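Residue strings, one per chain:
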Amino acid sequence: MTYTNNENITLYRSDVLTDWNEAESKLIFKPPPGLNYSTDLWAPEIHNLDGNWYVLLCTPNATLTYQVCHLYGGSSQ
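Calculation notes
- Residues numbered from 1 in each chain as written.
- Predicted model: local features only at pLDDT ≥ 70, side-chain atom pairs only at ≥ 80, totals over all residues.
- Heavy atoms only, no water.
- Pairing = 2+ DSSP bridges.
- Helix = DSSP H or I, 4+ residues; strand = E, 2+ residues; numbered from the N terminus.
- Axes fitted to C-alpha atoms, helices over the stretch in contact; angles between N-to-C directions.
- pLDDT = per-residue confidence, 0-100.
- Buried < 20%, exposed > 50% of the residue type's maximum accessible area, 1.4 Å probe, protein only.
- Contact = heavy atoms within 4.5 Å.
- Salt bridge = Lys/Arg side-chain N within 4 Å of Asp/Glu carboxyl O.

Draft legend 1. Structural view of the sheet that holds strand 5 (residues 52–60). Pairing is antiparallel across the open sheet formed by 3 strands, whose spatial order is 4-5-6. The sheet is open, and its two borders are formed by strand 4 (42–49) and strand 6 (67–74), each paired with just one other strand. Direction aside, neighbouring strands of the sheet carry axes that sit 20° apart on average. As paired strands, strand 4 and strand 5 are joined by 6 bridges and run antiparallel to one another.

Draft legend 2. Layout of the confidence of the model for the chain. Overall, the prediction assigns the chain a mean pLDDT of 80, with 86% of residues at 70 or greater. Averaged pLDDT values over the elements of the chain bottom out at 65 in strand 1 (residues 2–4) and peak at 87 in strand 3 (residues 24–29).

Draft legend 3. How the structure looks around the environment of Val68. Position of Val68 among the secondary structure elements: in strand 6. You can call Val68 partly exposed: its relative accessible area is 27%. Separated by 31 residues in the primary sequence, Val68 and Tyr37 place their C-alpha atoms 8.9 Å from one another. Once residues within four sequence positions are removed from consideration, Val68 is found in contact with Leu57, Cys58, Thr59 and Asn61.

Draft legend 4. Summary view of the pattern of salt bridges. Taken as a whole and assessed by the stated rule, the structure comprises 1 salt bridge. Among the ionic pairs, Arg13 bridges to Glu24, the shortest N-O distance being 2.7 Å. Residue Arg13 is located in strand 2 (residues 9–13), and its partner Glu24 is located in strand 3; the two are separated by 11 residues in the primary sequence. According to the relative accessible area criterion, Arg13 is exposed, its value standing at 56%. Overall, the relative accessible area of 45% leaves Glu24 in the partly exposed class.

What follows is the structure in structure tokens.
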């Protein structure tokens, strides 16, 4: 499960889908402070394509008039 608290994207893993209290968690994305996309992160998705992990998320643009989608990639680690 991916989760956002408006400041970062955290990935959770649990053997029991109805109990997330004891789930393992890992911070997978935290934007630098002071940018227009430093807060209000929403709609996170995580995908594995050909052994590489990608995080897709949306943030407000600089004038807060519409949402911008971002795609970040990483290794299979």
